[in-house]
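# Summary of structural features
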Amino acid sequence: MTEKQAEQIRKICQDYGGDKHRMMDIVREVHAQFGCVSRPAMGWIAEATSTHRVEVESVVSFYAFFSEKPQGRNVIRLCNDVIDRMFGADRVAQAFEEAFGIRVGETTPDGLVTLQYTPCIGMCDQPPAAIINDQIVTWLSTDAARHIAEVIKSGKKVFEAWQSVGDGNNAHPLVHAMVHNNIRKRGPVIFDAFTSGAALSKAVAVSPVEIIKVIKASRLRGRGGAGFPTGMKWEFTRGAPGAQKYIICNADEGEPGTFKDRAILTEMPDLLFEGMTVGGYAIGAKEGILYLRGEYTYLLNYLEDVLAKRRQANLLGQGILGVPNFDFDIRIQMGAGAYICGEETALISSCEGTRGDPKNRPPFPAQQGYLGFPTAVNNVETLCAAARIVDKGSTWFAAQGSAGSSGAKLLSISGDCKAPGIYELPFGISVNEMLAMVGGEDAAAVLVGGPSGQIISRAEFQRTICYDDLGTGGAVMVFGAHRDILAIAAEFMAFFEEESCGYCTTCRVGNTILKNRLQRIIDGKGQMGDLAYLEHTAHTIKALSRCGLGQTSPNPILSTLKNFRDEYEKRITAKDDGMQPAFDIAQALSKTEEIVGRKSTHRQA
Amino acid sequence: MSGKITLIIDGQEIEAEIGQTILDAADAAGVYIPRLCAMKGLSPHGSCRVCTVHVNGRPQAACTQPVAPGMSIENETPELKAHRVSVIDMLFVEGNHYCMFCEKSGNCELQAVAYRLGILAPQHDYMFPCRGVDASHPEVFIDGNRCILCGRCVRASQELDNKNVFQFVGRGIHKRLTFNAPNNLSQTDLAGIDKAVDSCPVGAILRKGTAFSVPIGQRLYDNEPIGSEIESGRRTNDRQV
Ligand SMILES: Cc1cc2nc3c(=O)[nH]c(=O)nc-3n(C[C@H](O)[C@H](O)[C@H](O)COP(=O)(O)O)c2cc1C
Ligand code: SF4
Ligand code: SF4
Ligand code: FES
Ligand code: FES
């Protein structure tokens, strides 16, 4: 590293005012410019932001998209989550490996390409998919992989060589992505025509307190998973003491199987930004932050453009719509590959420029959130619904859905069904009805709510999707009878193991323990006692973990133990010799055999 | 806000002060709640999860949860004991703990809590991770094999020593402790007398040349279980700071 590079890095830090709270942006830019954040770079960043180098190292080491070691000039991140593997991601990976002569996880010696796996990138309706240098490629095949490899080797930009673009705004010059919206069913709340300013002009005609009343009357609950009443959250944030307030939109969309926010961001960004602005007005915030997952970087320029247009139209900025003192603006904070940053307090940590560790509660974000100020964190879909409620009224909204769950819900449906995609459906629909709609009647299992939700069997398909029965942030995966449900559960456990922030003992260590024990059963080395062991270890992890990740991560195991117990029992075969199948003496001795250079006596016998 | 309230722990009424955590209130009342990442004089961390109690039926970390009127707390129940045993076992198998030749044996809080809970051998499979030792510093050495990621050294360095010697890197099972230096501990501004050195509950941070100055048999937990000092109201675990 040279003095010139140090100078470039200092310049980047200066662009962010040398503010250590903007560490995510600083590290992102340094990474983009140098292909890594080296140890000398960490030192320079620390100096220029008046922090300690170990704090920079901590951030770099936390996020999957940051690397201390140099990465290739092209980075291919192939989704290897459950859905993509069901549709051939392994073959695609192999084709890439052969074409570049490296394994996944490696960089070519000439520094041309780095090949990596990544969990769900929100393209489960068009698998297998990958991110190549921030651009998305979908419906990959081995041929496509070989073609991409040739393009990269010829020195061309992958995307310039790519002809096709998707529908709707995916074809917008600032997006130019081959992503398809796959919006299969439009409803009145989200995917309906919307005129910018419609909700905001109604909002400013009444007081902020009045807006909160309207949202409360609509009985809108959070769409991000936890289902907290939105009006109440805004009321708490408004009422909490603090010199400033913040509203943050959670567009981290990391739960595997969820991709509905992607379509909102692509097709309805004005509705979303209007919802944030209405929320800002209601709680008394001057600033909003859209936390956008790193996987959706391909939407960044487009969203910035929408924001710029809203500023020009006086829907953002100073004195919005001519209302004196109503100042509000929105900045976009990019994430960098960490599922945990969807958890609202981890998201705040990340916005503050640190590792994405969740925070201890109390205090809750509504009391002390971003930089210690009262903060409302809401999901993309929640904020859109809020804008629509202000536009069309709480009675109109509350008339839809079921008793305890008003309004409609976006479901992202993927897997073994004829029409994967996004469906705007009223709450209260049964799993059977939903499967009929998507052409998934043959399903043997359905995952509702993503890996942190429930895997249910046919016996429970009459259950309904709503807060009181099967709650969900929107992820639904359909599995046919030919799928191996335990292998799926094991992959989800591997996901949680990778994505735990590592703070709590139970979540950090426990998920690895569960994953290993399940794998032992899958490998045919399980014992009956393992089932009780899995169950009680799972309960300890759920009960003792600090945040929603650890409190739900054992669900793939617990729900399959409950609904697919025979799948476990089938693999646990009693041995007549009375030996413990879990212990493999040959395996245990193999290293020693290698060292001493002869076979163990048990083999010679 | 200040003021006295009463709460119930395991059926016993105790007095607490608004603003206290459950752990502090229990300590003051002579009720021992097992803990590892909590330490008197440091801000609460809430990471080891050993101190989990049931508050009106819901699990909460006693070291971070503030007291409130009407709380009914369960501390010693078979269910909580089973959870705590499982967590302590996790801490053992996650690292490499060879108590029989560890310099900290007898003064180690992890070992002492394990004995108090009656643990003989861990129920989980050992992970045998590959972790390093750093002996570069003239006065202090660090054995990563024994680190339980409690963050006490991180906070002690920041809050008591006004430094920032330690921090965590990585996430999930790959999370580990590191130092504010390009390569090793000797490049940091850690001094042998720093409070951070004394804050480690296990044998991960040790002062050189002091390993066996107190012989085995005469150490803190050799003759009575950890927590006895709280239960007898003699002193709390502020022994080192
Ligand atoms: C591990 C984890 C990941 C989460 N990911 C998301 C996410 O990607 N998007 C989201 O809106 N909420 C997510 N949540 C829920 C948020 O913590 C929070 O409840 C939500 O953003 C609040 O918004 P809402 O009330 O509008 O739903 C996640 C929670 C956990 C525990
Ligand atoms: S439960 Fe898991 S993800 Fe959440 S704080 Fe604890 S270790 Fe981190
Ligand atoms: S070195 Fe000791 S004090 Fe520091 S985190 Fe590890 S166990 Fe805790
Ligand atoms: S994009 Fe691969 S599972 Fe969602
Ligand atoms: S002592 Fe409370 S979580 Fe560690």
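Conventions used here
Residues numbered from 1 in each chain as written. Chains lettered and ligands numbered in written order. Predicted model: local features only at pLDDT ≥ 70, side-chain atom pairs only at ≥ 80, totals over all residues. Helix = DSSP H or I, 4+ residues; strand = E, 2+ residues; numbered from the N terminus. Buried ≥ 20, exposed ≤ 12 C-beta atoms within 10 Å, placed from the backbone. Domains from an automatic or database assignment. Contact = placed C-beta atoms within 7 Å. Nonpolar A, V, L, I, M, F, W, Y, C, P; charged D, E, K, R; others polar. Expected span 1.5 Å × (residues − 1). Core = buried A, V, L, I, M, F, W, Y, C linked by C-beta atoms within 7 Å. Near = placed C-beta within 6 Å. Pairing = 2+ DSSP bridges. Axes fitted to C-alpha atoms, helices over the stretch in contact; angles between N-to-C directions.

This part takes up the overall build of chain B. In terms of helices and strands, chain B carries 6 helices and 10 strands. Seen through its principal axes, chain B has C-alpha atoms that stretch 50 × 40 × 35 Å. The 241 residues of chain B split such that 44% are buried.

All names here are of chain A. Domain annotation for chain A reports domain 1 (3-59), domain 2 (74-163), domain 3 (184-398), domain 4 (408-479) and domain 5 (485-571). Listed as interface residues are 8 residues of domain 1 and, on the opposing side, 9 residues of domain 3. Ranked by residue count, the leading element in the side of domain 1 that touches domain 3 is helix H2 (residues 23-34), at 3 residues. Taken together, the residues of the side of domain 1 that touches domain 3 sort by class into 3 nonpolar, 2 polar and 3 charged.

A word on the domain arrangement of chain B. All names here are of chain B. Segmenting chain B into domains produces domain 1 (4-76) and domain 2 (84-207). If you average the C-alpha positions of domain 1 and of domain 2, the two centres end up 25 Å apart. Residue-level contacts link 12 residues of domain 1 with 17 residues of domain 2. When grouped by side-chain class, the residues that make up the side of domain 1 that touches domain 2 number 7 nonpolar, 4 polar and 1 charged.

Residue and element names in this part refer to chain A. For helix H16 (residues 380-392), with 13 residues, the first-to-last C-alpha span of 19 Å sits near the 18 Å given by 1.5 Å per residue. The element H16 is largely enclosed, with a buried count of 12 among its 13 residues. Those residues of H16 not exposed but buried are Val 380, Glu 381, Thr 382, Leu 383, Cys 384, Ala 385, Ala 386, Ala 387, Arg 388, Ile 389, Val 390 and Asp 391. Gly 393 lies just past H16 and shows a positive phi near 100°.

Another aspect to go through is unusual backbone geometry. Residue and element names in this part refer to chain A. The peptide bond linking Arg 361 to Pro 362 adopts the cis configuration, its omega dihedral lying at -5°. Mapped onto the fold, Pro 362 is located in the loop between helix H15 (344-351) and strand E9 (375-379). Note the cis peptide between Pro 362 and Pro 363, where omega equals 0°. Looking at the secondary structure, you find Pro 363 in the loop between H15 and E9. Even without being glycine, Trp 139 reaches a positive phi, approximately 45°. As for its position among the elements, Trp 139 is in the loop between strand E4 (135-137) and helix H7 (142-153).

Along helix H12 (residues 260-267) of chain A, 8 of the 8 residues are buried, which leaves the element largely enclosed by surrounding structure. Those residues of H12 of chain A lying buried are Lys 260, Asp 261, Arg 262, Ala 263, Ile 264, Leu 265, Thr 266 and Glu 267 of chain A.

Turning to the nonpolar core, a few remarks are in order. Membership of the largest hydrophobic core comes to 243 residues, with the highest contact counts inside it found for Ile 45, Phe 96, Ile 248, Leu 272, Val 278 and Cys 384 of chain A. The biggest single contributor to this core is helix H19 (residues 485-499) of chain A, with 9 residues.

Residue and element names in this part refer to chain A. The environment of ligand 1 is formed by 22 residues, the closest being Gly 222, Gly 224, Gly 342, Asn 379 and Gly 548. Where the shell around ligand 1 is concerned, the elements lending two or more residues are E9 and helix H22 (548-552). Sort the elements by how many residues they give to the shell around ligand 1 and E9 lands first, with 3 residues. Mapping the shell around ligand 1 onto the domain boundaries places at least three of its residues in each of domain 3 (184-398) and domain 5 (485-571).

On to the sheet that holds strand E12 (residues 445-448) of chain A, then. Residues and elements named next belong to chain A. The 6 strands lie next to each other as E5-E11-E10-E14-E12-E13, forming an open sheet whose pairing is mixed. The open sheet has two free edges, formed respectively by strand E5 (183-185) and strand E13 (454-457), since each of these has just one partner strand. In this sheet, adjacent strand axes meet at a mean angle of 25° when their direction is disregarded. Pairing of E12 with E13, which is carried by 4 bridges, proceeds in the antiparallel orientation. When the bridges of E13 are listed, Val 448 appears paired with Gln 454.

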